[in-house]
Amino acid sequence: MRAIKFYFCTLCLVGFISQMCYAQIDYNTFPSVSSTYYINDVYVYNNGFTDNLVDIIIENGFIQSIGANSKKPANAISIEADSMYVYPAFIDVLSHNGIKEEKPQKTDVKFPGLPPDHVAGITPEINTHDIIRSQSSDFSKLRENGYAISQIVGSSGMLPGQTAITLLSKAKDARQFTRKSNQFGQFDSASGVYPATIIGVMAKFRDLYRNAEILNSRNDAYKKTSEGTVLPTSTAAITALSPLTKKEQSLFFSIDKKLEFYRIMALQKELGFNLVITGVGDLNGVLEDVASAGYPLALDLKLPKEPTEETIDSTDAFFIEKSEFKAKRDAAYKQRLEAPAMLSSKNIAFTFSLGKESGGDTKKNLTKLIENGLSEQVAIDAMTTHAAEVLGISKVAGSVTKGKLSNLMITDKPYFDEKSTIRFMVVGKEVHEYEASAKEEKPADESLDILGEWSYEVDTPQGAQKGTILITDAGSVYTVAMSSADDPDDPEIIDNVALSGNELTYDFDMNEGGFAATINVIVKFADSENMTGSVSIGEFGTFPMEGSKISGPE
């Protein structure tokens, strides 16, 4: 691991020296010589498209005007999007992208029944804005797929921290555009200490919440008369939950089992906090109860794999059992795809959340839902206007409206057209331009065999840097172990890995010799035996990589 970081630290030094002589250029981003932009003759989406072509003027990150035959400001940069289609950019209401959480260290706990809060996964005081990576490849992936805003939070523990409603900007100082934040929770029990069960998580949350209410009442009493009164004391966790008890924040709670619907709804009815249920997938058997409860819903945009077609031999001794299992499996898959349309038919508004997904399957999955009864307008509204409502940012985001943030997705054809491509993403003051041709995706019936050990060679100014990449998986989650040839027994282990089509992406942090940067790796598989790619090191440059497969998984 140290050898890999030493290689890249050396490259940073080379890049630093090079930057003294040459300016770094990002050819996908418009030069920021002005914060005024002019978009001429486009169709604007607003519950359907405008009948006529209009112009949009953007100033300082906000939409200044929308109208026909607008005069171009003298200092404006033109965005060449004639006759294209302008949508409000997508909003992800819950994401774990853009941060790297430290794995909890094993700690000797004297009293497992009363561990420190951080050991038990209780850290609601963490401000996610403080732990978002300064250079995040996750943000560029989200932008490429139509997203301009994401509510980001950690994924470990029952209460990982306060969310960060984030503008997906390259500029770090532009990301926090609102002071709003929420709390995130899940039925994630602790290991070896209390709360070690879901019932324990419920009891612990109830205890924390009640103590936060008590803290509020004592603070109110202290404000009225502090004379002779002791200033209330509390833990960081209880203090952090105070805004939730005052309904100044909402609890975005992730579930992955139908029974968890009833558990979190029971807690909400008992305690009274604002609740948004996220990660919702299978609604079979609970739709009526969820509909009557009326909680805002964020459906999981990750869809299950389509069941493989198979013919069961009628002479098979287990023909009946296998046939019944196949029928139930196919029905469950169909119900999952039809769930959003069912919600819409009952006038239940909903949005979507990505979780740990990079957004690369957004269009494909939304299209599947539309093929199963969801209307295109409801799909777009779920990704934009309703997402903004759930996050409480409708006044500044969610629609293409004068005075709102200039978060725009511009496509060359209507978004759901099979051949449409996102050509521009406007994210506040930034304009990102993309190639006209859509990325070629791997056909669904082809599966690259990427698991196993691969050799790699990075072409750098210091010469070829060689090593191996071991790719393993656990279900749909990939893990990479990247080693250098000089130190093969000390690999860098990376678990924030995303696969989209034939492209594997991951990153890790480097902090060696006074240089700190995020190393972004892109691996493009030509087939199951050969790959190319690149290694990017923050602002210090991008270097080509190639390699081949050494062996399959053990």
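For every chain, the first residue of the written sequence is number 1, and numbering continues from 1 along that sequence. Given that the model is predicted, a residue must reach a pLDDT of at least 70 before its local features are reported, and side-chain atom pairs must reach 80 or more before they are shown or counted; all residues, however, enter totals for whole chains, interfaces and linings. Working from all heavy atoms in the structure, the side-chain values ignore hydrogens and water.

Caption draft 1: Focus on the nonpolar core. The nonpolar core is taken to be a set of buried Ala, Val, Leu, Ile, Met, Phe, Trp, Tyr and Cys residues, with the residues joined through side-chain atoms within 4.5 Å. For every residue, the accessible area (1.4 Å probe, protein chains only) is compared with the maximum for its type, and the residue is labelled buried under 20%, exposed over 50%, or partly exposed between those bounds. Counting residues in hydrophobic clusters, the biggest one holds 90 residues, and the most contacted among them are F205, F261, I264, F273, I277, L283 and F352. By definition, residues are in contact when any of their heavy atoms lie within 4.5 Å. Not counting the four nearest positions on each side in its chain, F352 is found in contact with I91, D92, V93, A298, L299, L301, L366, L369, A382 and M383. Core analysis: the next-biggest nonpolar cluster, separate from the first, contains 26 residues, L451, V497, F525 and I537 among them.

Caption draft 2: A look at a negative patch on the surface. By definition, no residue in a patch forms a salt bridge, and every one has over 30% relative accessible area; like charges are joined within 9 Å, nonpolar side chains (Val, Leu, Ile, Met, Phe, Trp, Tyr) within 5 Å. Accessible surface area values rest on a Shrake-Rupley calculation with a 1.4 Å probe, where residue burial reflects the displayed protein chains alone. By definition here, a salt bridge exists when the distance from a side-chain nitrogen of Lys or Arg to a carboxyl oxygen of Asp or Glu is within 4 Å. By the counting rule applied here, Lys and Arg register as positive and Asp and Glu as negative, while His and the ends of each chain are not counted. Where a charge lies is defined by one atom per residue type, namely NZ (Lys), CZ (Arg), CG (Asp) and CD (Glu). A contiguous patch of negative charge on the surface is contributed by E80, D82, E433 and E435. In this structure, D82 sits in the loop between β4 (77–79) and β5 (85–88). Its relative accessible area of 44% is what places D82 among the partly exposed residues. In DSSP terms, a helix is any run of H or I states spanning at least four residues, a strand is any run of E spanning at least two, and both are numbered starting from the N terminus.

Caption draft 3: Representation of the confidence of the model for the chain in the model. Looking at the chain as a whole, its pLDDT mean stands at 85, while 86% of the residues score no less than 70. Per-residue confidence from the predictor is reported as pLDDT, a score between 0 and 100. Highest mean pLDDT in the chain belongs to strand β15 (residues 408–411) (97); lowest belongs to helix α1 (residues 2–19) (53). Confidence drops under pLDDT 50 across residues 15–25; counting only partners more than four residues distant or on other chains, this segment forms six contacts. Every residue in residues 438–445 scores below 50 in pLDDT, and together they form seven contacts with partners more than four places removed in sequence or on other chains.

Caption draft 4: Seen up close, the environment of E457. In this structure, E457 sits in strand β18 (residues 452–460). Using a relative accessible area of 31% as the deciding quantity, one classes E457 as partly exposed. Sequence spacing of E457 and G467 is ten residues, and the spatial spacing of their C-alpha atoms is 6.7 Å. Contacts of E457, omitting those with residues within four sequence positions, involve A464, Q465, K466, P544, M545 and E546.

Caption draft 5: Seen up close, the pattern of salt bridges. In total, this model carries ten salt bridges according to the counting rule given. E213 is paired through a salt bridge with R210; the nearest N and O atoms lie 3.0 Å apart. Placement of the pair is E213 and R210 together in helix α3 (residues 198–224), with a separation of three residues, close to one helical turn. With relative accessibility at 28%, the residue E213 sits in the partly exposed group. One salt bridge in this structure joins D256 and K257, with 3.5 Å as the shortest N-O distance. One exposure class covers both D256 and K257, and it is exposed.

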